[in-house]
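# Chains, contacts and geometry: an overview
This is what each chain is made of:
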Amino acid sequence: MSNTITGAEALMRSLEHEGVDTLFGYPGGAIMPTYDALYDHKDTLHHILVRHEQGAVHAAQGYARVSGRVGTAIVTSGPGAMNTITGIADAMMDSTPVVVICGQVGAAMLGTDAFQEVDVIGVTQPITKWAYQIRRPEDIAWAVSRAFFIARSGRPGPVVLDFTKNAQTGMVDYQPARVDFIRSYDPVPVPTDDTIRRAAMMINQSVKPLVLVGQGVELAGAHEELKALLEKAQMPAGCTLLGLSALPTDHPLNMGMLGMHGNLAPNVMTNQCDLLIAIGMRFDDRVTGNIDTYARQAKIIHFDIDPSEINKNVKCTLSVVGDCKDTLRRVTELVDAATHKAWIDGFAPYKEKENHKVVEPAIHPKEGDLRMGEVVRRVSELTENKAVLVTDVGQNQMFGCKYFQYTLPHSVITSGGCGTMGFGIPAAIGACFGAPDRTVCMFAGDGGLQMTLQEFGTIMEYGVPVKMILLNNNFLGNVRQWQYMFFNRRYSFTPMTNPDFCQVASAYGIPSRTVTRREELDEAIREMIATPGAFLLQCGVMEEDNVLPMTPPGSNVDEMLLEIN
């Protein structure tokens, strides 16, 4: 029996074969045959019409990060494809599995500067795990399966499929494909037993160990394996920005966030430990500070699935390359039960100092304007510390990630490596579809909110139940803080004249409320949570609030400022 169908129909069936149920996209001329085929698959492939192609990729990222599945975006050629570049680069930096399908002119017209033709493969190869141009309908099933395998396997990341128009309209005798092996691609290396034994021996010999927890733990689903290792060997841990929800905030061995705006204790103790155990993190410059003085006194074990990260930024004593869900379990079996009480107790004075100087004034201010920290903490508490946190980028991001509390995995979605303003709204939309049973709280500043404000239309059309908290200080706050600290308080183009955001929300049918008084905050948050569907809570906050502690750029990781004069 013949199974001859169009290439566009073959794409639909291939996506279904990969288990895709949600697509984020925007139609256009070069992808129109695919959208015509999609019309007959609306019951199985739920398409979300975003308002800008950048939003499609960020939404796919939010979906992927909270669900653990591959996010899928579909756009047209030329400007449509180019509008996805920011999201693709963001996904590459943050190891997020997304497949972006772009329309393209017909194969016969490639290289002619045809209408809306751009060399998508040339542009995206440096910022993807794989970029491939489908020129024949016969290649569709194989290319789609390979794309999803590459995106989700090993260290996840983005894949781009450039789909020529003739491949969409041509006919093919379709047979589903399943790619689970690629020659020369080893997504999950397996370390030797000797490497595992050496890692356990180094941990057993350590007196002052410190574990650095990265997003790799979340990506591997190694939450229980991490806790088993920490608890058996009684080792304190700090978390990177993207690894914050890999370990519950209230876990007794969780010493807080690492990096430039992290917590004082784990940063200081990084330069006092005798063994640094990095798990699924890449020693980003925002974590290490001055690389020349970073943990020079310590031996370093680096657990990572990606061999290219080993010795890239920080030279390690021992590398354990593999899936940390497996490697942590194997090491834990060989690790001795320990206490390290004196070492762990040494974190307390630094925590108390930061709590007194920074945390308490930020979350329990006695007077003055609303503080970003107190808004974040109350939203977290009133959602029982179980919500998914999505942030935009800037001060809202740092306050959000630092003062939100995490009890469940996959609870923090933020743009780490790229620091993409405008990430928040579309990523939160994707998170709502990826975890429909969870409350999604998105924090943004007045600058970032306006970069993808058009996605209010997506929220309106699909009734997306995202709770949006706007921390409005009428500034590009993070840049203003740097201008305050390093540019003699010359606020060059960081003050902002803003619209009435509540009126904007009202135009999209989104209920909203503005709060400026501390006495009204809890009631306003409860109203937001209780309101069905989306809600915009605008909080008028202190204009010159600063994110502290802070390691100034170029300083040693333990040289943190607790106040700014």
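Bear in mind that the values here come from a model prediction, so they are computed numbers and not experimental data. (Residues numbered from 1 in each chain as written. Predicted model: local features only at pLDDT ≥ 70, side-chain atom pairs only at ≥ 80, totals over all residues. Heavy atoms only, no water.)

Assigned domains of the chain: these are domain 1 (4–173), domain 2 (193–348) and domain 3 (369–540). The C-alpha-based centres of domain 1 and domain 2 are spaced at 37 Å. Of the residues lining the interface, seven residues belong to domain 1; the matching set on domain 2 comes to seven residues. When the area that domain 1 buries against domain 2 is broken down by residue, the three leading residues are Arg 65, Asp 94 and Arg 155, summing to 63%. The tally of links from domain 1 across to domain 2 stands at two salt bridges. The residue Arg 155 makes a salt bridge to Glu 309 at a minimum N-O spacing of 2.8 Å. Its residues assigned to classes, the side of domain 1 that touches domain 2 shows two nonpolar, two polar and three charged. (Domains from an automatic or database assignment. Contact = heavy atoms within 4.5 Å. Buried area = accessible area lost by both parts, 1.4 Å probe. Salt bridge = Lys/Arg side-chain N within 4 Å of Asp/Glu carboxyl O. Nonpolar A, V, L, I, M, F, W, Y, C, P; charged D, E, K, R; others polar.)

Bringing the nonpolar core into the picture now. By size, the foremost hydrophobic cluster in this structure holds 98 residues, and its most contacted members are Leu 276, Ile 301, Phe 443 and Cys 539. A domain split of this core shows at least three residues from each of domain 2 (193–348) and domain 3 (369–540). Among all residues touching Phe 443, those that are not within four sequence positions of it are Val 375, Val 376, Val 379, Leu 389, Val 390, Thr 391, Asp 392, Asn 396, Phe 404, Ile 469 and Leu 471. Residues Met 12, Val 20, Val 99 and Ile 140 belong to the second largest nonpolar core, which totals 37 residues. (Core = buried A, V, L, I, M, F, W, Y, C linked by side-chain atoms within 4.5 Å. Buried < 20%, exposed > 50% of the residue type's maximum accessible area, 1.4 Å probe, protein only.)

The subject of this paragraph is the sheet that holds strand S9 (residues 209–213). Pairing in this open sheet of six strands is parallel, and the strands run S11-S10-S9-S12-S13-S14 from one edge to the other. Strands with a single pairing partner mark the edges of an open sheet, and in this sheet they are strand S11 (254–257) and strand S14 (318–321). Across the sheet, the axes of successive neighbouring strands diverge by a mean angle of 20°, strand direction being ignored. Taken strand by strand, helix H14 (residues 324–334) contacts strand S12 (275–279), strand S13 (299–304) and S14, and its axis lies near 135° from that of S13. (Pairing = 2+ DSSP bridges. Helix = DSSP H or I, 4+ residues; strand = E, 2+ residues; numbered from the N terminus. Axes fitted to C-alpha atoms, helices over the stretch in contact; angles between N-to-C directions.)

This part is about unusual backbone geometry. Cis geometry marks the peptide bond from Leu 548 to Pro 549; its omega dihedral reads -5°. The phi dihedral of Gln 234 falls on the positive side, at around 50°, and the residue is not glycine. Looking at the element boundaries, Gln 234 is found in the loop between helix H11 (223–233) and strand S10 (237–239). Of note in this structure, Glu 384 is not a glycine but carries a positive phi near 60°. By the element assignment, Glu 384 lies in the loop between helix H17 (372–382) and strand S15 (388–391).

This next bit is on the packing of helix H3 (residues 53–67) against helix H5 (residues 85–93). At a closest axis distance of 7 Å, the pairing of H3 and H5 adopts a crossing angle of 25°. The orientation of H3 with respect to H5, classified from their angle, is roughly parallel. Only Thr 86, Gly 87, Ile 88, Asp 90 and Ala 91 of H5 make contact with H3, whose side of the interface consists of Gln 54, Val 57, His 58 and Gln 61. When the residues that make up the contact of H3 with H5 are grouped by side-chain class, the tally is three nonpolar, five polar and one charged. (Parallel < 35°, antiparallel > 145°, perpendicular 65-115°, else oblique.)

Before going further, it helps to examine the pairing of strand S20 (residues 535–540). The element S20 is largely enclosed, with a buried count of five among its six residues. Here strand S18 (residues 467–472) runs beside S20; their pairing, made up of six bridges, is parallel. Each bridged residue has a counterpart across the sheet, and for Lys 467 the counterpart in S20 is Phe 535. With four bridges connecting them, strand S19 (residues 512–515) and S20 associate as parallel partners. Bridged to Ser 512 within S20 is Leu 536. Remark: the S19/helix H24 (residues 521–530)/S20 crossover connection has right-handed handedness. (Right-handed = clockwise from strand over helix to strand, strands pointing away.)

Enumeration according to the criterion identifies 26 salt bridges in this entry. Between Arg 136 and Asp 139 there is a salt bridge, with the nearest N and O atoms lying 2.9 Å from each other. Residue classification places Asp 139 among the buried positions, given a relative accessible area of 16%. Each of Asp 193, Asp 326, Arg 329, Arg 330 and Glu 333 takes part in one network of salt bridges that share partners.

This part is about the packing of H17 against helix H18 (residues 395–403). Each packed pair of helices is defined by two parameters, the angle between the axes and the distance between the axes. With their axes 9 Å apart at the nearest point, H17 and H18 run at an angle of 45° to one another. Our classification of the angle between H17 and H18 gives oblique. Seen from above, H17 lies across H18 with right-handed handedness. In this structure, H17 contributes Met 372, Gly 373, Val 376 and Arg 377 to the contact, and H18 contributes Gln 395, Asn 396, Phe 399, Gly 400 and Tyr 403. (Left-handed = near helix turned anticlockwise from the far one by under 90°.)

This structure, assessed with the given rule, holds 14 aromatic pairs. For the pair Phe 399 and Tyr 403, a centre-to-centre distance of 6.1 Å together with 25° between the ring planes defines the contact as stacked. Of this pair, Phe 399 and Tyr 403 both sit in helix H18, four residues apart, roughly one helical turn. In this structure Phe 399 comes out as buried when scored by relative accessible area, which is 2%. Pairing Phe 475 with Tyr 491 gives two aromatic rings, centres 5.5 Å apart and planes at 75°, and the pair type is edge-to-face. Residue Phe 475 is found in the loop between S18 and helix H22 (477–486), and its partner Tyr 491 is found in the loop between H22 and helix H23 (501–507); the two are separated by 16 residues along the sequence. Exposure remark for Phe 475: the relative accessible area of 9% places this residue in the buried category. (Phe/Tyr/Trp six-rings, centres within 6.5 Å; stacked < 30°, edge-to-face > 60°.)

Bringing the environment of Cys 273 into the picture now. With respect to the helices and strands, the residue Cys 273 is situated in the loop between helix H12 (264–270) and S12. Taking the C-alpha atoms as reference points, Cys 273 and Gly 111, separated by 162 residues in sequence, lie 57 Å from one another. Apart from residues no more than four positions distant in its own chain, Cys 273 is found in contact with Lys 208, Leu 210, Gln 297, Ala 298 and Trp 343.

With eight of its eleven residues buried, helix H1 (residues 7–17) lies for the most part within the structure. At the exit of H1 stands Gly 19, carrying a positive phi of roughly 85°.

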